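So you can see what is in the structure, the chains are spelled out below.
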Amino acid sequence: MSAPPPLGKHLASSDKSTRDKAVNGLTAFLCHESNARLSDKDMAKLWKGIFYCFWMSDKPLVQQALATDLSNIILAIPTLDASFAFLGGFWEAMVREWDGLDRYRLDKFYMLIRRYVNATFRLLMREQWAESPCSSVNDILTRAKGPLYPHDVGVPKGLTYHLADIYLEELNKVLFTVQEEELAPSLPKIIDPFLRLASETSNDAIFARINKGVLRPLLSALRKASPSYTTTSTSDPRRARKRPRMEKGSHRSEDDEDQAEDKSEADADAPLYFVVRKSRGFFSDGNESSKALPPKDLLESVLKAIFDAASRDTSKDSRRRRLYALWKSAKANQDDV
């Protein structure tokens, strides 16, 4: 068993030069295969130090550079299992420490999360989007102490919301670098953690955020990627229709909300170009292609994933109804693709 890195107090030092040396020492330490796999206790201690190392960084350029250096560690660790152990330590630290953040530090930790999501996708791309590494990442996100774990009300909602807001954006950035002949990611596999959370959560706001941040933008992008897609709503496709204001005291059912969101999405811009153009899917026969699929086939695959999530025994009845409603609405619009 390897000895724990003696870096905790140095990572959390108030002196920048001391923190910089500690981060460099940490990277060098973890790059040795014999050191890369730490016990859960040692990993928690290490991430406590890293968390406060980033906490102490107080200038934007310093924060950006440190966030990049810390996230790139998962790409420098020599074994995949050790990389995932370090990534798991990151997410557990974020869940554990999030509620202690004040409003002055939230933005820089939002940035750190973006960096780690981006680095995670780059790691999966390096592994050619193989099923086992993708499943490992999904497990890290959805297991107990993870940010998308459905059954712990103590998981900070702000962390879950942010992850839903940025996940596809960061995937889009990574796929921008993918060459046409390279393997493509399985989009249903990528969004599975959000489908699981959406189907099992008891929190209306979390479901709504996943719907707004992941599912509807993705379905809209897939629909609009077809050359046959047309819109008669406005001459500028970047201008989204505003929702009508509700009168004071009025109420809206779940079905009304779904219909209103459909209308709002009708004119919304669909910026997920590379997600649509460079992703693959799976079908009812279990076959999966390594090549990117045309939008119509990819949409069919994503709709199947939504239907399957709603059909799981673990899905809550209220979530099942809303996922089925989303599936039905998207199927009705499928002729546009």
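The residue numbers shown here count from 1 along each chain, following its written sequence. In keeping with the predicted nature of the model, local features appear solely for residues at pLDDT of at least 70, side-chain atom pairs appear and are counted solely at 80 or more, and the whole-chain, interface and lining totals rest on all residues. To obtain the side-chain values, all non-hydrogen atoms of the structure were included, while hydrogens and water were left out.

The subject of this paragraph is the confidence of the model for the protein chain. Looking at the protein chain, pLDDT values average 84 and 81% of them are 70 or higher. Here residues 232-252 is a poorly scored stretch, pLDDT under 50, and it has 22 contacts once near neighbours within four places are set aside; other chains count. The low-confidence segment residues 262-269, where pLDDT is below 50, has 28 contacts with residues more than four positions distant or belonging to other chains. Each residue gets a pLDDT score, which is the predictor's confidence in that residue and runs from 0 to 100. Contacts between residues were defined by any pair of non-hydrogen atoms, one from each residue, lying within 4.5 Å.

The working definition used for a salt bridge is a side-chain nitrogen of Lys or Arg within 4 Å of a carboxyl oxygen of Asp or Glu. As enumerated under the stated definition, the model contains 16 salt bridges in all. The residue glutamate 97 makes a salt bridge to lysine 48 at a minimum N-O spacing of 2.9 Å. Of this pair, glutamate 97 sits in helix H6 (residues 80-97) while lysine 48 sits in helix H4 (residues 40-56), and the two are 49 residues apart along the sequence. Under the scheme applied here, a residue whose accessible area is under 20% of the maximum for its type counts as buried, over 50% as exposed, and between as partly exposed, the area being computed with a 1.4 Å probe on protein chains only. Assessed through its relative accessible area of 9%, glutamate 97 is described here as buried. With a relative accessible area of 38%, lysine 48 lands in the partly exposed category. A salt bridge links arginine 209 to aspartate 165, with the shortest nitrogen-to-oxygen separation between them at 2.8 Å. Under the scheme used here, helices are H or I runs from DSSP no shorter than 4 residues and strands are E runs no shorter than 2 residues, and both carry numbers assigned from the N terminus.

By secondary structure assignment, the location of asparagine 118 is in helix H7 (residues 106-126). Pairing of N or O atoms within 3.5 Å defines a polar contact, subject to two protein rules: one partner must be a possible hydrogen donor and the other a possible acceptor, and residues neighboring in sequence count only if both atoms are side-chain atoms. Polar side-chain contacts of asparagine 118 include one of 3.1 Å to the side chain of glutamate 170. Setting aside its immediate chain neighbours within four residues, asparagine 118 contacts Glu170, Lys173 and Val174.

In this analysis, axes come from line fits to C-alpha atoms, helices being fitted only over the stretch in contact, and the angle between any two N-to-C directions falls in the range 0 to 180 degrees. As a packed pair, helix H2 (residues 16-30) and helix H5 (residues 60-76) sit with axes 10 Å apart at the nearest point and diverge in direction by 15°. With respect to each other, H2 and H5 are oriented roughly parallel. Crossing geometry of H2 relative to H5 is assigned as left-handed. Across the interface between the two elements, Lys16, Val23, Leu26, Thr27 and Leu30 of H2 pack against Val62, Leu66, Leu70 and Ile73 of H5. Charged means Asp, Glu, Lys or Arg here, nonpolar means Ala, Val, Leu, Ile, Met, Phe, Trp, Tyr, Cys or Pro, and polar covers whatever is left, Gly included. Per-class residue counts for the contact of H2 with H5 are seven nonpolar, one polar and one charged. Every angle not falling under 35 degrees, over 145, or within 65 to 115 is termed oblique; those three ranges are roughly parallel, roughly antiparallel and roughly perpendicular. Two helices crossing with the near one rotated counterclockwise from the far one by less than a right angle form a left-handed crossing, whereas a clockwise rotation gives a right-handed crossing.

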